[in-house]
Amino acid sequence: DISKYQDVNIDLNFLVDKNTTYGEIEAIINKYKTKLDMAYELKDIYESEKLNGKKSMTFSFNISSLNKTLTSQDIDKFTNNLVKHMGESNIELRS
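Residues numbered from 1 in each chain as written. Predicted model: local features only at pLDDT ≥ 70, side-chain atom pairs only at ≥ 80, totals over all residues. Heavy atoms only, no water.

Lay out helix H2 (residues 72-87) in plain terms, naming residues and giving numbers.
Side chains that are three or four residues apart share a direction in an α-helix, a result of its 3.6 residues per turn. The terminal C-alpha atoms of H2 lie 22 Å apart, and with 16 residues this matches the ideal 22 Å at 1.5 Å per residue to within 8%. Those residues of H2 not exposed but buried are Asp-74, Ile-75, Phe-78, Thr-79, Leu-82, His-85 and Met-86. One face of H2 carries all of its buried residues, which in axial projection span an arc of 130°. The exposed set on the far side of H2, more than 90 degrees from its buried face, consists of Gln-73, Lys-77, Asn-80 and Lys-84. Contact partners of the buried residues in H2: strand S1 (8-17), helix H1 (22-30), strand S2 (37-47) and strand S3 (54-64). (Helix = DSSP H or I, 4+ residues; strand = E, 2+ residues; numbered from the N terminus. Expected span 1.5 Å × (residues − 1). Buried < 20%, exposed > 50% of the residue type's maximum accessible area, 1.4 Å probe, protein only. Arc of directions from axis to C-beta. Contact = heavy atoms within 4.5 Å.)

Written out as structure tokens, the structure is:
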């Protein structure tokens, strides 16, 4: 179904081991449970010696609800819970 309510885009940069594949990250993201409609895409991969054996993967998440317009609390809850979920697999948010 297509929501009649406005969707929200959130870009998040995750630090992962430089040998980690997109497929591995995709499997972790796909296990994330949310009541919101969620889509995502990989936007960028950044590698640098400054990252000490890690690489930064930027994902753009598109979230919406079929029932309501999302509040800032809904968006924060989604983001915080996703970051926590990723952290359980030792994937941290790049600051």
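Explain the environment of Phe-59 to me, and be specific about the residues and the numbers.
Along the chain, Phe-59 turns up in strand S3. Separated by 34 residues in the primary sequence, Phe-59 and Ile-25 have C-alpha atoms spaced 10 Å apart. In contact with Phe-59, other than residues within four places in its own chain, are Ile-10, Asp-11, Leu-12, Phe-14, Tyr-22, Ile-25, Ile-29, Tyr-40, Glu-41, Leu-42 and Lys-43.

A description of the pattern of salt bridges should follow, citing residues and the corresponding values.
Throughout the structure, instances matching the rule amount to two salt bridges. Here Asp-11 ties to Lys-43 by a salt bridge, and the two come within 2.9 Å at their closest N and O atoms. Note that Asp-11 is positioned in strand S1 and Lys-43 in strand S2, a separation of 32 residues in sequence. Linking Lys-68 and Asp-74 is a salt bridge whose minimum nitrogen-to-oxygen distance equals 3.0 Å. Classification of Lys-68 by relative accessible area gives partly exposed; the value is 37%. (Salt bridge = Lys/Arg side-chain N within 4 Å of Asp/Glu carboxyl O.)

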